[in-house]
Amino acid sequence: MPAPSVTVRPLSPVIGAEIIGVDLSKPMSNEVFDAVHRAFLKHHVIFFRDQILTPDDQIALGRRFGSLNIHPYVRGMSSHPEILEIIKEPSDRINFGGGWHSDMSFLETPVLGSMLYAVEVPDVGGDTLFANQHAAYDSLSDGLKSALGGLKAIHSAAEEYGLKGPSAQKRASMESEVVGDDVPEYEHPVVRTHPETGRKGLYVNPAFTLRFAGWSRAESRPLLNHLFEVSKREAFTCRFRWSPGALAFWDNRCVWHYALNDYHGERRHMRRVTINGDRPH
Ligand code: SIN
């Protein structure tokens, strides 16, 4: 049951809900926190509108859910290194996060969730898509589920943050590091069990998953491509249209997301805090 003052309005049957009645700039009572946390676990990405958040407010909000991550390759705000300013200027061509991914699965201990706050958005365009990876897993045949059960996959930032990678491209107002071939690789299970709900979900993504452990890239590609197709099926997605002051909080343990890049010549300015997670199992 939500707290009496909190309304949860689902955006689609499988993923996404808007939360009404919470002022995120104020410390949450335990009752409101529990209602928000339950909605997060049930809907996988939750949205709030018309919030007025300073960087300190956003950091305090993120810390309510766990310790905050400092991105290894993208420079945070100089005053608040835990905050990534995701900015596409009118002169930029390539946006940040413009492909399906789960944030930072390239870490040994990937992140739990991300809270993205809209400072400035185009009138139209720049929406973000989200896809439920539990639903993707549930849709697989029993045969494929059991074959994937024993598999691990190798994740790394090598392509996304390598010389030609989209995340490493020069942008007018963002600074990211270009990584070399020596960037670390980590192995994660292909089927991840959510540490809080116990639900299984696919845990591979096109940005950071290079191959299956013990398989060559060529051997891995056909099966990875099949999983990627399933993972982004329209029926497993929702789409969020931003407005200034909106905040999205998604669960990277079971959600992919995709920032659309359909607003060239306009400015989009977001602030993200990213909450540390645990080792996938
Ligand atoms: C991201 O991948 O964190 C960016 C998402 C967005 O800007 O919509």
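Rules behind the numbers
- Residues numbered from 1 in each chain as written.
- Predicted model: local features only at pLDDT ≥ 70, side-chain atom pairs only at ≥ 80, totals over all residues.
- Heavy atoms only, no water.
- Near = heavy atom within 4 Å.
- Polar contact = N/O pair within 3.5 Å; in protein donor to acceptor, adjacent residues only side chain to side chain.
- Areas by Shrake-Rupley, 256 points an atom, 1.4 Å probe, with all protein chains shown as cover.
- Helix = DSSP H or I, 4+ residues; strand = E, 2+ residues; numbered from the N terminus.
- Nonpolar A, V, L, I, M, F, W, Y, C, P; charged D, E, K, R; others polar.
- Core = buried A, V, L, I, M, F, W, Y, C linked by side-chain atoms within 4.5 Å.
- Buried < 20%, exposed > 50% of the residue type's maximum accessible area, 1.4 Å probe, protein only.
- Contact = heavy atoms within 4.5 Å.
- Phe/Tyr/Trp six-rings, centres within 6.5 Å; stacked < 30°, edge-to-face > 60°.
- Lys NZ or Arg CZ within 6 Å of the ring centre and 35° of its normal.
- Pairing = 2+ DSSP bridges.
- Axes fitted to C-alpha atoms, helices over the stretch in contact; angles between N-to-C directions.

A. Just the site of the ligand, in detail. Near the ligand, the surroundings consist of Ile86, Phe96, Gly97, His101, Asp103, Leu116, Thr128, Trp250, His257, Ala259, Arg268 and Arg272. Within the side chain of His101, one N or O atom sits 3.0 Å away from an oxygen atom of the ligand. In this structure, an oxygen atom belonging to the ligand sits 2.8 Å away from a side-chain N or O atom of Arg272. Contact with the protein chains removes 100% of the 260 Å² of surface that the ligand exposes when unbound. Of all the elements in the fold, those that place two or more residues in the shell around the ligand are strand S14 (255–259) and strand S15 (268–276). Looking at the shell around the ligand, its residues break down into five nonpolar, four polar and three charged.

B. Structural view of the nonpolar core. Core analysis: the biggest nonpolar cluster contains 32 residues, and Phe106, Phe130, Tyr161 and Trp242 have the highest contact counts within it. At the level of secondary structure, the elements contributing two or more residues to this core comprise strand S3 (45–48), strand S4 (84–88), strand S5 (111–120), strand S12 (237–240) and strand S13 (247–251). Here the element with the most residues in this core is S5; it accounts for three residues. When near neighbours in sequence (up to four residues on either side) are disregarded, Phe106 contacts His71, Pro72, Tyr73, His155, Ser156, Ala157, Tyr161, Tyr186 and Phe208. Counting 28 residues, the second-largest nonpolar core is a separate cluster that includes Ile19, Val32, Phe48 and Phe65.

C. Region of the structure containing the packing of aromatic side chains. Within the structure shown, the criterion is met by 15 aromatic pairs. Measuring from centroid to centroid gives 5.4 Å for Trp100 and Tyr258, while their planes differ by 75 degrees, and the two rings are edge-to-face. Within this pair, whereas Trp100 is found in the loop between S4 and S5, its partner Tyr258 is found in strand S14, the two being separated by 158 residues in sequence. Overall, Tyr258 belongs to the partly exposed group, its relative accessible area being 24%. Relative to Tyr161, the ring of Phe106 has its centre 5.9 Å away and its plane inclined at 70 degrees; by these criteria the two rings are edge-to-face. One end of the pair, Phe106, is in the loop between S4 and S5; the other, Tyr161, is in the loop between strand S7 (152–156) and strand S8 (185–189), and 55 residues separate them in sequence. Like Phe106, the residue Tyr161 is buried in the burial classification. Taking NZ or CZ as reference, Lys88 lies 4.4 Å from the ring centre of Tyr263, over its face.

D. Molecular detail of the sheet that holds S7. Read from one edge to the other, the open sheet built from three strands follows the order S8-S7-S11, with strand pairing classed as antiparallel. The sheet terminates laterally at S8 and strand S11 (209–212), the two strands that pair on one side only. Within the sheet, the average angular offset between the axes of one strand and its neighbour, ignoring direction, is 30 degrees. In terms of strand pairing, S7 meets S11 through three bridges, oriented antiparallel. In the sheet register, Ala153 faces S11, and the bridge partner there is Phe212.

E. Geometry of unusual backbone geometry. Here the phi dihedral of His44 falls at roughly 75 degrees; this positive angle occurs in a residue that is not glycine. Here the phi dihedral of Asp50 falls at roughly 60 degrees; this positive angle occurs in a residue that is not glycine. Residue placement: Asp50 occurs in the loop between S3 and helix H2 (55–63).

F. View of the pairing of S13. Counting buried positions over the five residues of S13 gives five, a clear majority of the element. Burial of the side chains of S13 extends over both faces: Leu247, Phe249 and Asp251 are buried on one face and Ala248 and Trp250 on the other. With four bridges connecting them, S3 and S13 associate as antiparallel partners. Within the sheet, the bridge partner assigned to Phe48 lies in S13 and is Leu247.

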